[in-house]
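Notes for the structure review
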Amino acid sequence: MPSVFHDARERLKSLGKLSGISATVIESLSRPRSTLCSSLPVLMDDGSTQYFDAYRCQYSSHLGPCKGGIRFHPNVSQDEVQALALWMTIKCAVVDLPFGGGKGGVNVDPKTLSRMELERLSRSYMRAMADFIGPDKDIPAPDVYTNARIMGWMRDEFEVIKRHKQPAVITGKPVNLGGSLGREEATGRGAFLVTEFLRSKEGKAPEDIRVAVQGFGNAGYNVAKLLFDAGYKIIAISDSKGAICDAAGLDVDKVKSFKDKDRSFDSDYCKSSVCESETHKSISHEELLALDVELLVPAALENAITIKNVNNIKAKWITEVANGPISAAADEILHARGTVIIPDVLANSGGVIVSYFEWVQNKAGYPWSLDEVRTRLQAVLKMSFDEMWQYQHQSENTSLRTAAYAKALSKLEQVIKMRGTKEYFANTEN
Ligand code: GLU
């Protein structure tokens, strides 16, 4: 298994060098501050106890408390969690949030659990992590295969342990348990907004943009729906079980209702697939990625595009809704070929931006309207996108990813330097 963290760290080093960041600073950002590993005991419905490997990585707290989601997935490992936590560090800095980076996960296939087992697993995770995290230390949130209901259970468990209310310990909660309006759609909405900013810079009409969306979870669905409503032509959609394609365009709401067919309440995982939308042609995951489209939206897991399939990619633009969907080597090839990539650290930052809004609302005890959340989200993303765009257009042969890393790393460099470096203590630098 190739190391995702190794790849993430190599990218950090090369982009750091390219942006002129000091080697001491890159060195200090090349390792997580701490990672807690735990075996979670979970009482199963048949009376047996099963153990699940769980992690929480606090990568960097240079800019504020650590922040990042918890994923429940069979691929979760310490290596993956650390890579995701490094990306959260960059992401929070790119969009100017007063947060560092963290990430958590449990190695489990949650689709095999009953609802009660899922609840016990979520509470067991919080029991293991309760002394490690906290509203001013490290604030988790949803990620792949976790949702608002799970965040609600975790908040509740934390408060049972601590014996007082602490809504700001976790974000992405149900609205009636201290969640923010607009958090559920936020990752998809953010990705939609940055794609719109790119479209307007490039002067194209939505109808002329054919889109393939890989992944139809919360973020994939919301971005597909917003693009569809804005007039983009969604010609392919996939989920973990397969993909469908229609050159005439798919109706995103109809595809969603096929997928939700057997789902009776919203914390449950879909039992159906987009493939059951039988009127459309089924294609493979690889065929979806290789479609001749203007926009490709990878919204599933890491490494969807690697050196193995990069030469099949025909899309002109890619909006990275997943974290790390393009390996560092594939990224260089796409960049050299002129593919415009809106990098994950900007494209999917809508989720953590609204998580920040939720944290602020919890701390203030004063909830905002949906309108206010959306307006502020748009403002944060517009400012960050314009900054990346300007940086990219002022420097030669630069990508939006390099621009994003340059901004994030220089923010981190400033705070790390403020604490004193070798040069400072040797009196060779002010
Ligand atoms: N899991 C999301 C991400 O990867 C959201 C993190 C958060 O809201 O803290 O950005």
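Residues numbered from 1 in each chain as written. Predicted model: local features only at pLDDT ≥ 70, side-chain atom pairs only at ≥ 80, totals over all residues. Heavy atoms only, no water.

What to know about the packing of helix α6 (residues 186–202) against helix α12 (residues 350–364)
Inclusion rule: Fitting a line to C-alpha atoms yields each axis, with helices limited to the stretch in contact; the angle taken between N-to-C directions then spans 0 to 180 degrees. Helical segments are the DSSP runs of H or I of at least four residues, strand segments are the runs of E of at least two, and each set is numbered from the N terminus. Each angle is binned into one of four classes, with values under 35 degrees roughly parallel, values over 145 roughly antiparallel, values of 65 to 115 roughly perpendicular, and all other values oblique. Helix crossings fall into two classes, left-handed where the near helix is turned counterclockwise from the far one by less than a right angle and right-handed where it is turned clockwise. Whether two residues are in contact is decided by their heavy atoms: any pair within 4.5 Å suffices. The nonpolar class holds Ala, Val, Leu, Ile, Met, Phe, Trp, Tyr, Cys and Pro. Asp, Glu, Lys and Arg form the charged class, and all remaining residues, Gly among them, are polar.
Where α6 contacts α12, the two axes come as close as 7 Å, and the packing angle between them is 125 degrees. By the angle between their directions, the pair α6 and α12 is classed as oblique. By crossing handedness, the relation of α6 to α12 is classed as right-handed. Each of Ala186, Thr187 and Gly190 in α6 lies in contact with α12, whose residues at this interface are Gly350, Gly351 and Val354. By residue class, the composition of the contact of α6 with α12 is two nonpolar, four polar and no charged.

Some remarks on the sheet that holds strand β10 (residues 281–283)
Formally: Two strands form a pair only when DSSP identifies at least two bridges running between them.
In spatial order, the strands read β10-β9-β8-β7-β11-β12-β13; together these seven strands make up an open sheet with mixed pairing. If you trace the sheet from one side to the other, it starts and ends with β10 and β13 (340–342), each paired once. Sheet twist, expressed as the average angle between the axes of neighbouring strands with direction ignored, equals 20 degrees. As judged from the three bridges shared by strand β9 (residues 242–245) and β10, these two strands associate in the antiparallel manner. Counted as the bridge partner of alanine 243 is isoleucine 283 from β10.

Structural notes on empty space enclosed by the protein
What counts, and what does not: In this analysis the probe radius is 1.4 Å and the grid spacing 1 Å, with only protein atoms considered; a cavity is a set of points the probe fits into but cannot get out of, a pocket is an open set with protein on both sides within 12 Å along at least five of seven lines, and lining residues have an atom within 4 Å of a point. Grid points are joined across faces, edges and corners, and a volume is the space filled by probe spheres set on the points.
Counted by the stated rule, this structure contains one cavity of 30 Å³ or more. In this structure, the largest cavity occupies an estimated 50 Å³ of space. Tallied by class, the residues present in the lining of the largest cavity amount to five nonpolar, three polar and two charged.

A word on α12
Given 3.6 residues to a turn, an α-helix orients residues that are three or four positions apart in the same direction. Selection criterion: For a helix, the expected span equals 1.5 Å multiplied by the number of residues minus one. Burial status follows relative accessibility: with a 1.4 Å probe on protein chains alone, a residue under 20% of its type maximum counts as buried, one over 50% as exposed, and anything between as partly exposed.
Between the first and last C-alpha of α12 there are 21 Å, a value that for 15 residues agrees with the 21 Å anticipated at 1.5 Å per step. Taken across its 15 residues, α12 has eleven buried, putting it largely inside the fold. On the buried face of α12, the contacting elements are β3 (66–67), α3 (78–94), β6 (138–139), α6 and α13 (370–394). Looking one or two places after α12, you find glycine 365, whose phi comes out positive at around 65 degrees.

What about the UniProt feature "active site" (unreviewed entry) in the chain?
Defined as follows: UniProt positions are given in the numbering used here, feature names are shortened, and annotations may be inferred rather than shown by experiment.
Here, the residues flagged by UniProt with the feature "active site" (unreviewed entry) are Lys103. Classification of lysine 103 by relative accessible area gives buried; the value is 1%. Excluding residues that lie within four positions of it along the chain, lysine 103 makes contacts with Tyr55, Arg56, Cys57, Gly68, Gly69, Val81, Leu84, Ala85, Met88, Asp143 and Asn323.

A closer look at the pattern of salt bridges
Condition: Basic side-chain nitrogens of Lys or Arg form a salt bridge, by our definition, when they fall within 4 Å of a carboxyl oxygen of Asp or Glu.
Counting across every chain of the model gives 36 salt bridges. Between glutamate 372 and arginine 376 there is a salt bridge, and its shortest N-O distance comes to 2.9 Å. With a gap of four residues between them, glutamate 372 and arginine 376 both fall in helix α13, about one helical turn apart. A residue is classified by how much of its surface remains accessible, and glutamate 372, at 31% relative accessible area, is partly exposed. The partner of lysine 417 in a salt bridge is glutamate 413, with the nearest N and O atoms 3.7 Å apart. With lysine 417 and glutamate 413 both in helix α14 (residues 400–418), this residue pair falls four residues apart, about one helical turn. Classification of glutamate 413 as buried rests on a relative accessible area of 12%. What you see here is one network of salt bridges that share partners, running through Arg11, Glu320, Asp331, Asp344 and Arg401.

Describing the site of the ligand
We count it as follows: We call a residue near a molecule or strand as soon as one heavy atom of that residue lies within 4 Å of the molecule or strand. By the criterion applied in these results, polar contacts are pairs of N or O atoms within 3.5 Å in which, for protein atoms, one can donate a hydrogen and the other can accept it, and in which residues neighboring in sequence qualify only through two side-chain atoms.
Among the 14 residues in the neighbourhood of the ligand, the closest are listed as Lys67, Lys91, Pro142, Asp143 and Ser355. Taking lysine 67, its side chain carries an N or O atom lying 2.8 Å from an oxygen atom of the ligand. At a separation of 2.6 Å, an oxygen atom of the ligand approaches a polar side-chain atom of lysine 91. Of all elements in the fold, only α3 and α12 reach the threshold of two or more residues within the shell around the ligand. With three residues, the top contributor of residues to the shell around the ligand is α12. Partitioned by chemical class, the residues of the shell around the ligand number four nonpolar, five polar and five charged.

Some words on the side chain of asparagine 323
Note on placement: asparagine 323 falls in the loop between β12 (317–319) and α10 (328–337). Polar side-chain contacts of asparagine 323 include one of 2.8 Å to the side chain of asparagine 348. Ignoring any residue separated from it by four or fewer positions in sequence, one finds asparagine 323 in contact with Arg71, Leu84, Trp87, Lys91, Lys103, Asp143, Leu301, Glu302, Asp344 and Asn348.

Section: the pairing of β9
Working note: regular strand, side chains alternate between the two faces of the sheet. Residues Gly242 and Ile244 point to one face of β9 and Ala243 and Cys245 to the other, with burial holding for every one of them. As paired strands, strand β8 (residues 233–239) and β9 are joined by four bridges and run antiparallel to one another. Among the inter-strand pairings, aspartate 239 is bridged to a residue of β9, identified as glycine 242. Hairpin connection, β8 to β9: the antiparallel pair is bridged by two residues.

Concerning a nonpolar patch on the surface
Put simply, the rule is: What goes into a patch is any residue over 30% in relative accessible area without a salt bridge, connected to like charges within 9 Å or, for nonpolar side chains (Val, Leu, Ile, Met, Phe, Trp, Tyr), within 5 Å. Only the protein chains shown count as cover for residues, and all accessible areas are computed by the Shrake-Rupley method using a 1.4 Å probe.
Among the surface-exposed residues, Val175, Leu181 and Leu370 lie close enough to one another that they form a single nonpolar patch of about 220 Å² accessible area. Within the element layout of this structure, leucine 181 appears in the loop between α5 (148–162) and α6. Using a relative accessible area of 35% as the deciding quantity, one classes leucine 181 as partly exposed.

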